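What the coordinates show
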Amino acid sequence: MRLLPETRTQKPLSLGAEILLWVGLAIFTTGVSAQSLPRTSPERVGLSSERLERLPAAMQRYIDANQLAGTVTLVARDGKVAHFGTQGWQDKEADKPMQQDTIFFIMSMTKPIVSTALMMLYEEGRFLLTDPVSKWIPEIADKQVLIEDDAGVHRMTPRQPITVRDVLAHTTGLDPSRDLLTEDEQTLLQRESSLEATLIKRAPLPLAFHPSEDWQYGSSTDYVALLVERIAGEPLKDFLQKRILDPLEMSDTSYVVPEEKRARVATVYSPTGPGQTIEVYRTPEYSAVPFFGSDYYGGVAGLFSTAADYWRFSQMLLNGGELDGVRLLSPKTVNLMISNHSGDHDIYIRGPGYNFGLGFGILNDPGTARDPITPGSFTWGGAWGTIFWVDPVENMVGIMMTQISSYSHLNVRQDVGVTAVQAIVDSYSNKPQSVRGYSVLNP
């Protein structure tokens, strides 16, 4: 919390000035209160303070090795924050320490927020998950499927249309291999200045596979974003602001960081120094405009946020769609979103042990997954190192924010999970859950 500086006056205030001062104080206090997080000691929520200290110790090892500049970590249980740690630097070169309110580019952690937006429209009866996307994006109705076999490369009509479920679950095939496209088709891959212009430009491109018959990480959530715009009849950024960000008081989440907040944006680093140590990749000025284009507000990536803001979003989901008296979704819809919609397809971006729901990866096999979280937990991360997970069994939320352009050589995400989960000394595995994905029932 930022405190008002001490003010000294030489003369008593007039009645009018005194009223203005009290009004100003009320406004200031309300703003701070809206952003404060409910706190608790670890022991009050079944965690060990001593064991939880292993989390910052693990983060510090990466910082000391010059593999990360800094981190913000948050662990919450039972709706209260038991750990909120900052380590290292927001800007190492300027000797600027990491802060709890540091702003990060969350890359693909945009996807769950945009997917939630579309599911809010689902709850209004605007569509079914089985509806073809071409009902609202007719420009992609005539796509062909690329087939590569012993006879060579050829194209055929899709066996089924791309559905709303497909774009939410990444089973669309909307990202064909560049090597299999003609030269003219390859020119269509270049982004335009806006989301809609980009996707319509790419409409003639073929599909990589028949919809629903495989899983592919790519541009699907941009089509989710365009669906939100066309179904709701307003720009995505406006819908998110009015229907999600403002109601949840996520005041530091946006596609562009305003000038007065830009000093809080973390510098982005890359592991391009000697021995994969870090070097500056992007300085905070990049946050002054949308990342992908002057009017590009996408679903795949694009949002900036803080650990505190993303906790509010995550806790809303864990609560079954509600936070602080504001309901965005029904618990039944959250259950649907965290169910398996990808079948047995390989969720290769997260490794073994995962299915994919409607906007989230879902851990289903702890025996093969790298992550230590409980089966049924849902999660996703960003390409610049950020990660969150929600564990409905243990009633826990975990978040780690950092900024590094490539992290495949690091285990930092898994280390956050290990050190957070091992701090549990009172497991809730035999208690009721607030949300739970649906299982397929055997006849």
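Computed from a predicted structure; not experimentally measured.

Reading the values: the criteria
- Residues numbered from 1 in each chain as written.
- Predicted model: local features only at pLDDT ≥ 70, side-chain atom pairs only at ≥ 80, totals over all residues.
- Heavy atoms only, no water.
- Helix = DSSP H or I, 4+ residues; strand = E, 2+ residues; numbered from the N terminus.
- Rg over C-alpha atoms; globule rule 2.2 N^0.38 Å.
- Buried < 20%, exposed > 50% of the residue type's maximum accessible area, 1.4 Å probe, protein only.
- Contact = heavy atoms within 4.5 Å.
- Lys, Arg positive; Asp, Glu negative; His and termini not counted.
- Charge placed at Lys NZ, Arg CZ, Asp CG, Glu CD.
- Polar contact = N/O pair within 3.5 Å; in protein donor to acceptor, adjacent residues only side chain to side chain.
- pLDDT = per-residue confidence, 0-100.
- Phe/Tyr/Trp six-rings, centres within 6.5 Å; stacked < 30°, edge-to-face > 60°.
- Lys NZ or Arg CZ within 6 Å of the ring centre and 35° of its normal.
- Salt bridge = Lys/Arg side-chain N within 4 Å of Asp/Glu carboxyl O.
- Arc of directions from axis to C-beta.

**Quick word on the overall build of the protein chain**
On a plain count of helices and strands, the protein chain comes out with twelve helices and 16 strands. Since a compact globule built from 443 residues should have a radius of gyration of about 22 Å, the 23 Å found for the protein chain is in line with a globular shape. Viewed in the frame of its principal axes, the protein chain has a C-alpha envelope of about 85 × 50 × 50 Å. Expressed as a percentage of its 443 residues, the buried residues of the protein chain come to 52%. Sequence separation of at least 24 residues holds for 69% of the intrachain contacts in the protein chain that already meet a minimum separation of 6. The protein chain carries 39 positive and 52 negative side-chain charges, and their two centres are separated by 5 Å.

**Remarks on the side chain of threonine 172**
The residue threonine 172 is located in the loop between helix H5 (164-169) and helix H6 (183-186) in this model. Of the polar contacts made by the side chain of threonine 172, one reaches the backbone nitrogen of leucine 174; its length is 3.1 Å. A distance of 2.9 Å separates a polar atom in the side chain of threonine 172 from a polar atom in the side chain of serine 220. Ignoring anything within four residues of it in the chain, the contact list for threonine 172 reads Ile162, Asp166, Val167, Leu207, Phe209, Pro211 and Ser220.

**A closer look at the confidence of the model for the protein chain**
Looking at the protein chain, pLDDT values average 92 and 91% of them are 70 or higher. Predicted confidence for residues 1-34 stays below pLDDT 50, and this span has ten contacts to residues more than four positions away or in other chains.

**Examining the packing of aromatic side chains**
According to the stated counting rule, one finds 22 aromatic pairs in the structure shown. With centroids separated by 4.7 Å and ring planes inclined at 40 degrees, the aromatic side chains of phenylalanine 105 and phenylalanine 304 adopt a geometry described as tilted. Highlighted residues: phenylalanine 105 in strand E4 (residues 104-105) and phenylalanine 304 in strand E9 (residues 304-305), separated in sequence by 199 residues. Since its relative accessible area comes to 0%, phenylalanine 105 is described here as buried. Between phenylalanine 105 and tryptophan 384, the aromatic rings sit 5.3 Å apart at their centres with planes inclined by 65 degrees, giving edge-to-face as the arrangement. Of the two residues, phenylalanine 105 sits in strand E4 while tryptophan 384 sits in the loop between strand E14 (378-381) and strand E15 (387-391), which places them 279 residues apart along the sequence. Residue class for tryptophan 384 comes out buried when judged on its relative accessible area of 5%. Taken together through their ring pairs, the aromatic side chains of Phe105, Tyr281, Tyr286, Phe291, Phe292, Tyr296, Phe304 and Trp384 make up a single cluster. One residue, lysine 237, lies across the ring of tyrosine 297, its end atom 5.4 Å from the ring centre.

**Let's talk about the pattern of salt bridges**
Taken as a whole and judged by the stated rule, the model has 16 salt bridges. Note that glutamate 124 and arginine 126 form a salt bridge whose closest N and O atoms lie 3.2 Å from each other. The residue arginine 159 makes a salt bridge to glutamate 213 at a minimum N-O spacing of 2.7 Å. Pair noted here: arginine 159 is in the loop between strand E6 (152-156) and H5 and glutamate 213 is in the loop between helix H7 (195-201) and helix H8 (220-232), with a separation of 54 residues, a long-range link. Judged by its relative accessible area of 54%, arginine 159 falls in the exposed class. Glutamate 213 sits in the partly exposed class, given a relative accessible area of 35%. One salt-bridge network, held together by shared partners, links Asp101, Asp252, Lys261 and Arg264.

**Describing the environment of isoleucine 113**
Secondary-structure assignment places isoleucine 113 in helix H4 (residues 110-123). Overall, isoleucine 113 belongs to the buried group, its relative accessible area being 0%. As for isoleucine 113 and threonine 402, which are separated by 289 residues in sequence, their C-alpha atoms are 19 Å apart. Setting aside residues up to four positions removed in sequence, isoleucine 113 forms contacts with Leu240, Ile244, Met250, Leu303, Tyr310 and Phe313.

**Observations concerning helix H3 (residues 54-64)**
By the burial criterion, the buried members of H3 are Leu55, Pro56, Ala58, Met59, Tyr62 and Ile63. Within H3, the buried residues cover an arc of 160 degrees as seen down the axis, which keeps them to one side. Turned more than 90 degrees away from the buried face of H3, the exposed residues are Arg61 and Asp64. In this structure, the buried residues of H3 make contact with helix H2 (49-52), strand E1 (70-77), strand E2 (80-91), strand E16 (396-401) and helix H12 (412-421). One or two residues past the end of H3 sits asparagine 66, with phi positive at roughly 60 degrees.

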